[in-house]
Amino acid sequence: MKKIKKILLILLVLFIAAQIFGPKRNLGDIASVEPFLKETNPPEDVKIILKESCYDCHSSNTRYPWYNNITPVNYWLESYISDGKKHFNMSEWDGSSLKRKDHKFEDLIEAIEKKWMPLDEYTWMHADAKLTDVQTKAVVDWAKQVRFKYSLEAKPE
């Protein structure tokens, strides 16, 4: 029994010591999404959806929940955020090619229509981020309009 207590004590000390460390936080300027918003011109309802359901993982500014202060949870969350930004980052929209932007919107439409996004793991703790059918339609309709605009811009005159 003494051995188990020692092991538990060591694990507790290691857990407490681990709280000193954590990954770099995604705390960029929320204004970094302005070029994306200006170019894609989402209606107000879609802007709200993007803010509530997408920005945390797909921009350079994340609103962290209280449990992000617990190691190793913070590393797990940061891996989701990094992966989300790798696939679609509204904060790094400027400078991308028209072809890349169109492809990102093609992926966005598929992910929303198939309900891959927002991730279930995200909506478990952020119930307001789960999209209704009406919200899904609004985002998809907007995204299709953006793709149409890009297709017009891509055509040579």
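The rules behind these values
- For every chain, the first residue of the written sequence is number 1, and numbering continues from 1 along that sequence.
- Only residues with pLDDT of at least 70 get local features here, since the model is predicted, and only at 80 or more are side-chain atom pairs given and counted; chain-wide, interface and lining totals rely on the full set of residues.
- Hydrogen atoms and water are omitted, and side-chain values are computed over all heavy atoms in the structure.
- Axis lines are fitted through C-alpha atoms, for helices just across the contact stretch, and the angle between N-to-C directions can take any value from 0 to 180 degrees.
- What counts as a helix is a DSSP run of H or I of at least four residues, what counts as a strand is a run of E of at least two, and both are numbered from the N terminus.
- Oblique is the label for any angle not under 35 degrees, not over 145, and not in the 65 to 115 range, which are roughly parallel, roughly antiparallel and roughly perpendicular in turn.
- Crossing handedness is defined as follows: a turn of the near helix away from the far one that is anticlockwise and smaller than a right angle gives a left-handed crossing, while the clockwise case is right-handed.
- Contact between two residues is taken to exist if any of their heavy atoms lie within 4.5 Å; hydrogens are not considered.
- Residues are grouped as follows: Ala, Val, Leu, Ile, Met, Phe, Trp, Tyr, Cys and Pro are nonpolar; Asp, Glu, Lys and Arg are charged; every other residue, Gly included, is polar.
- Only protein atoms enter the 1 Å grid, on which a cavity is a set of points fitting a 1.4 Å probe that cannot get out and a pocket is an open set with protein on both sides within 12 Å along at least 5 of 7 lines, lining residues being those with an atom within 4 Å of a point.
- Grid points are joined across faces, edges and corners, and a volume is the space filled by probe spheres set on the points.

*Asks:* Can you tell me about the packing of helix α6 (residues 98-113) against helix α8 (residues 133-154), naming the residues and giving the values?
*Replies:* For the pair α6 and α8, interaxial distance at closest approach is 9 Å and the crossing angle is 160°. Judged by the angle between their axes, α6 and α8 are roughly antiparallel. For the crossing formed where α6 meets α8, the hand is left-handed. Contacts between α6 and α8 involve L98, K101, D102, F105, E106, L108, I109, I112 and E113 on the former and, on the latter, T136, V139, V140, W142, A143, K144, V146, R147, Y150, E153 and A154. The residue inventory of the contact of α6 with α8, partitioned by class, reads 12 nonpolar, one polar and seven charged.

*Asks:* A description of the layout of surface pockets should follow, citing residues and the corresponding values.
*Replies:* The computed volume of the largest pocket comes to approximately 780 Å³. Taken together, 35 residues line the largest pocket, and the ones lying closest to its centre are C57, H58, G84, M117 and L119. Of all elements in the fold, only α4 (55-58), α5 (73-87), α6 and α7 (120-125) reach the threshold of two or more residues within the lining of the largest pocket. Of all the elements, α5 adds the most residues to the lining of the largest pocket, at seven residues. Along the lines of polarity and charge, the residues of the lining of the largest pocket split into 22 nonpolar, six polar and seven charged.

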